[in-house]
Amino acid sequence: MANTTSARSLFPKNPSRKIVMLTAYDYPLARLVDQAGVDIVLVGDSLANVVLGLDSTVEVGIDIMIHHAKAVARGVERAYVVGDMPFDAYQVPGADAVAHARRFLDEAGCDAVKVEWFDDAARVVKELRAAGIEVMGHVGLTPQTAREFRVRGRDAASARAILEQAKVFEVEGCFSVVLECVPEALADEITRTLKVPTIGIGAGKSCDGQVLVLHDMLGLNDRKVPSFVKKYADTSALVLNAVRQYKEEVQNGLFPDDAHTFH
Ligand code: KIV
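Residues numbered from 1 in each chain as written. Predicted model: local features only at pLDDT ≥ 70, side-chain atom pairs only at ≥ 80, totals over all residues. Heavy atoms only, no water.

Draft legend 1. Region of the structure containing the overall build of the protein. Of the regular secondary structure elements, the protein holds 11 helices and eight strands. Relative to its length of 263 residues, the protein is compact, with a C-alpha radius of gyration of 20 Å against a globular reference of 18 Å. Taken along the three principal axes of its C-alpha coordinates, the protein extends 70 × 40 × 40 Å. By residue count, 50% of the 263 residues in the protein fall in the buried class. When contacts within the protein are restricted to residue pairs at least 6 apart in sequence, those whose partners lie at least 24 apart make up 59%. As presented, the protein carries roughly 13300 Å² of accessible surface, and 54% of it is formed by carbon and sulfur atoms. (Helix = DSSP H or I, 4+ residues; strand = E, 2+ residues; numbered from the N terminus. Rg over C-alpha atoms; globule rule 2.2 N^0.38 Å. Buried < 20%, exposed > 50% of the residue type's maximum accessible area, 1.4 Å probe, protein only. Contact = heavy atoms within 4.5 Å. Areas by Shrake-Rupley, 256 points an atom, 1.4 Å probe, with all protein chains shown as cover.)

Draft legend 2. Here's a closer look at a nonpolar patch on the surface. On the surface, a nonpolar cluster with roughly 200 Å² of combined accessible area is contributed by Val51, Leu52 and Ile64. Residue position: Leu52 is located in the loop between helix 3 (47-50) and helix 4 (62-75). Leu52 sits in the partly exposed class, given a relative accessible area of 36%. (Patch = residues over 30% accessible without salt bridge, like charges linked within 9 Å, V, L, I, M, F, W, Y side chains within 5 Å. Salt bridge = Lys/Arg side-chain N within 4 Å of Asp/Glu carboxyl O.)

Draft legend 3. Looking closely at the packing of helix 4 against helix 6 (residues 97-107). Put simply, helix 4 and helix 6 touch, their axes get as near as 10 Å, and they point 20 degrees apart. Relative to helix 6, the element helix 4 lies roughly parallel. The chirality of how helix 4 crosses helix 6 is right-handed. Contact with helix 4, carried on its side by Ile62, Asp63, Met65, Ile66, Ala69 and Lys70, involves His100, Arg103, Phe104 and Glu107 of helix 6 and no other residues of that element. Broken down by class, the residue content of the contact of helix 4 with helix 6 amounts to five nonpolar, one polar and four charged. (Axes fitted to C-alpha atoms, helices over the stretch in contact; angles between N-to-C directions. Parallel < 35°, antiparallel > 145°, perpendicular 65-115°, else oblique. Left-handed = near helix turned anticlockwise from the far one by under 90°. Nonpolar A, V, L, I, M, F, W, Y, C, P; charged D, E, K, R; others polar.)

Draft legend 4. Geometry of the sheet that holds strand 4 (residues 112-116). With respect to topology, eight strands assemble into a closed barrel ordered 1-2-3-4-5-6-7-8, the strand pairing being parallel. The mean inter-strand angle of the sheet, taken between neighbouring strand axes irrespective of direction, is 25 degrees. As paired elements, strand 7 (residues 198-201) and strand 8 (residues 209-212) share two bridges and run parallel to each other. Paired with Ile199 across the two strands is Gly209, which belongs to strand 8. With respect to the sheet, helix 4 is in contact with strand 2 (40-43) and strand 3 (80-84), its orientation differing from that of strand 2 by roughly 155 degrees. Against the sheet, helix 8 (residues 156-172) makes contact with strand 4, strand 5 (135-140) and strand 6 (176-180), and its axis sits at roughly 175 degrees relative to strand 5, the strand it touches most. (Pairing = 2+ DSSP bridges.)

Draft legend 5. Molecular detail of the packing of aromatic side chains. As enumerated under the stated definition, the model contains six aromatic pairs in all. Between the aromatic rings of Tyr90 and Phe118, the centroid separation amounts to 5.5 Å while the plane-to-plane angle is 85 degrees, which identifies the pairing as edge-to-face. Separated by 28 residues along the polypeptide, Tyr90 in helix 5 (residues 87-90) and Phe118 in the loop between strand 4 and helix 7 (121-130) bring together distant segments of the chain. Assigned by exposure class, Tyr90 and Phe118 land together as buried. Aromatic rings pair up to connect Phe11, Tyr80 and Phe175 into one cluster. (Phe/Tyr/Trp six-rings, centres within 6.5 Å; stacked < 30°, edge-to-face > 60°.)

Draft legend 6. Summary view of the packing of helix 6 against helix 7. Contact geometry of helix 6 with helix 7 gives a least axis separation of 9 Å together with a crossing angle of 55 degrees. One way to sum up the angle between helix 6 and helix 7 is to call them oblique. You can see that helix 6 and helix 7 cross each other, and the crossing is right-handed. Residues Ala97, Val98 and Ala101 of helix 6 form the contact with helix 7, whose own contacting residues are Val124, Glu127 and Leu128. For the contact of helix 6 with helix 7, the class distribution of residues is five nonpolar, no polar and one charged.

Draft legend 7. Structural view of the side chain of Thr198. One can find Thr198 in strand 7. Accessibility expressed as a relative area gives 0% for Thr198, which makes it buried. Each residue touching Thr198, except ones within four places of it in the same chain, is listed here: Val177, Leu179, Ile190, Thr191, Cys207, Asp208 and Gly209.

Draft legend 8. Region of interest: the environment of Asp55. Secondary-structure assignment places Asp55 in the loop between helix 3 and helix 4. Between the C-alpha atom of Asp55 and that of Thr191, which follows or precedes it by 136 residues, the distance is 31 Å.

Draft legend 9. Expanded view of unusual backbone geometry. Note that the residue after Phe255, namely Pro256, is joined by a cis bond; omega there is 0 degrees. With respect to the secondary-structure elements, Pro256 resides in the segment after helix 11 (235-251). At Cys181, a residue that is not glycine, the phi angle is positive and equals roughly 55 degrees. Its relative accessible area of 10% is what places Cys181 among the buried residues.

Now the structure itself:
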């Protein structure tokens, strides 16, 4: 059931309480992330890379996102669930952003949606907010339109542009803004300027909250992860060891043993 309390009152700017956000893409991991007590679960379109093995988030469309958002929302009992609007849901000419965002809320059971900055982002957020939909903005490195994956806002002009984009998101009614891959000083300035919380990923510690891609922080893939990712576990090794042990036990006739057999 979508949360009906306003997102701004659920996530006020509060320097003494950081917002903790993680991605999830399926039921079992969403349950664990929720049980661990994170504030926000993002059904990120990063699932293109970390779950589906695709090169670009643009390759994942609205139907796939809704499919995963449903599974995540089924698993989350407590946290706030945000569905990431995929490129085709709002950035292609003629896309009905409100209709696609409604699918995240009504069909999947999310509480809000996230949109990345692009030329027409202000109009999209305005339409979503007019329809009563809670929106999280995303500036800095925006993978749906990025040609290169590198830190943004290193020079004065691009830093100013990112700050302005964040301000537009706030003015149009976003309840928070993700800052991806920007220098700490810029993240700090944006965080001090905005009245809504900033959530950083590769943006240093001044942000009001932090987000990471779950599979990256769990070490659950063998792709190269960005340098800002801290690996909190080596899940790949855990899975490899378990599967290798199973393989050996089957090959050597040790599994199934008596305890796992009907008599
Ligand atoms: O898709 C995603 O996982 C994201 C986060 C990196 C913020 O947008």
